[in-house]
Amino acid sequence: MLKVRLICVGKLKEKFYADAFAEYARRLGAYCKFDCVEIPEQRLGDDPSQKEISSALSKEAVEIERNIPKDSYVIAMCVGAKQLTSEALAEKIAALAVSGRAALCFIVGGSFGLSDGIKARADMRLGMSEMTFPHHLARVMLAEQIYRSFKINEGSRYHK
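The rules behind the values
- Residues numbered from 1 in each chain as written.
- Predicted model: local features only at pLDDT ≥ 70, side-chain atom pairs only at ≥ 80, totals over all residues.
- Heavy atoms only, no water.
- Core = buried A, V, L, I, M, F, W, Y, C linked by side-chain atoms within 4.5 Å.
- Buried < 20%, exposed > 50% of the residue type's maximum accessible area, 1.4 Å probe, protein only.
- Helix = DSSP H or I, 4+ residues; strand = E, 2+ residues; numbered from the N terminus.
- Contact = heavy atoms within 4.5 Å.
- Expected span 1.5 Å × (residues − 1).
- Arc of directions from axis to C-beta.
- Axes fitted to C-alpha atoms, helices over the stretch in contact; angles between N-to-C directions.
- Parallel < 35°, antiparallel > 145°, perpendicular 65-115°, else oblique.
- Nonpolar A, V, L, I, M, F, W, Y, C, P; charged D, E, K, R; others polar.
- Pairing = 2+ DSSP bridges.
- Right-handed = clockwise from strand over helix to strand, strands pointing away.
- Salt bridge = Lys/Arg side-chain N within 4 Å of Asp/Glu carboxyl O.

A. Representation of the nonpolar core in the model. Counting residues in hydrophobic clusters, the biggest one holds 28 residues, and the most contacted among them are Val4, Leu6, Ile75, Leu104, Phe106, Ile146 and Phe150. When contributions to this core are tallied by element, the ones reaching two or more residues are strand S1 (3–9), helix H1 (15–28), strand S3 (72–77), helix H3 (86–97), strand S4 (103–108), strand S5 (124–126) and helix H5 (135–154). Among all residues touching Val4, those that are not within four sequence positions of it are Cys32, Lys33, Phe34, Asp35, Leu104, Phe106, Ile146 and Phe150. One finds Ile7, Ile68, Cys78 and Cys105 within the second-largest nonpolar core, a separate group that totals 16 residues.

Written out as structure tokens, the structure reads:
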């Protein structure tokens with residue numbers, strides 16, 4: 001069974017996001033070994049300099065790297081990256097499941113995104129939309145899309 005890990009910067013505080021994410025995590029349990037690791041988001045002031053942001057992203061990157069499972073196919077969620085349809089993501093997940101990779105690892109950054117090093121280390125960069133979403137909502141949306149991918153691959157009517 002494919003292992004799917006989400007590494008997310010920041011903790012879900014809002015109950016409605018946490019409840020929605022928990023529902024998709026529960027559903028995903030039928031299709032994969034799913035887990036989510038939360039990395040603490042570095043605290044920055046109201047108007048941080050680029051140097052402060054880079055330093056914070058580097059510290060987060062160390063924790064992210066430590067939590068990427070060995071032999072994982074890593075997908076970094078990035079603003080402005082290539083976008084896929086739900087069907088194309090489903091095809092990608094299906095191909096990875098039979099490719100011999102032990103795990104699939106998605107990385108969702110915090111308010112300031114991901115470090116350049118994490119982006120470079122990823123096997124793929126994936127964008128959700130040209131619109132901007134709170135990173136906590138993006139986590140819920142990503143979990144739903146992963147679930148949708150498994151439902152598409154099984155031929156269910158969930159995806160219409």
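Now, onward.
B. Spotlight on helix H2 (residues 50–66). If you check H2, its first and last C-alpha atoms are 25 Å apart, about what 17 residues at 1.5 Å a residue would give, namely 24 Å. Among the residues making up H2, those that are buried are Ile53, Ala56, Leu57, Glu60, Ala61 and Ile64. Down the axis of H2, the buried set is contained in an arc of 150°. They therefore lie on one face. Opposite the packed face of H2, turned more than 90 degrees from it, sit the exposed residues Lys51, Val62 and Arg66.

C. Geometry of the packing of H3 against H5. Packing of H3 against H5 brings their axes to within 8 Å, and their N-to-C directions diverge by 75°. Accordingly, the angle class assigned to the pair H3 and H5 is roughly perpendicular. Touching Ser86, Glu87, Leu89, Ala90, Glu91, Ile93 and Ala94 of H3 are Gln145, Ile146, Arg148, Ser149, Phe150, Ile152 and Asn153, all from H5. Among the residues making up the contact of H3 with H5, the classes are represented as seven nonpolar, four polar and three charged.

D. The arrangement of unusual backbone geometry in detail. Not every positive phi belongs to a glycine, and Asp71 is a case in point at roughly 60°. Position of Asp71 relative to the elements: it lies in the loop between H2 and S3. The class of Asp71 is exposed, set by a relative accessible area of 59%.

E. A look at the pairing of S1. Judged by how many residues are buried, S1 sits mostly within the fold: five of seven residues are covered. Across seven bridges, the pairing between S1 and strand S2 (residues 33–39) is parallel. Counterpart to Val4 in the pairing with S2 is Phe34. The parallel pair S1 and S2, bridged by H1, forms a crossover whose chirality is right-handed. In this structure, S1 lies alongside S4, joined through six bridges in parallel fashion. Within S4, the residue paired with Leu6 across the bridge is Phe106.

F. Local environment of the pattern of salt bridges. According to the stated counting rule, one finds eleven salt bridges in the structure shown. The partner of Glu23 in a salt bridge is Arg27, with the nearest N and O atoms 2.9 Å apart. Here the residue Glu23 and the residue Arg27 both occupy positions in helix H1, the gap between them amounting to four residues, near one helical turn. The exposure class assigned to Arg27 is partly exposed, which follows from its relative accessible area of 27%.

G. Quick peek at the sheet that holds S3. Overall, parallel pairing links the five strands, which are arranged S2-S1-S4-S3-S5 in an open sheet. Each having just a single partner strand, S2 and S5 make up the two edges of the open sheet. Across the sheet, the axes of successive neighbouring strands diverge by a mean angle of 20°, strand direction being ignored. Sheet analysis places S3 next to S5, joined by three bridges and oriented parallel. Bridge pairing in S5 places Ile75 opposite Met124. Sitting on the sheet, H5 is in contact with S1, S2, S3 and S4, with an inclination near 170° to S1.

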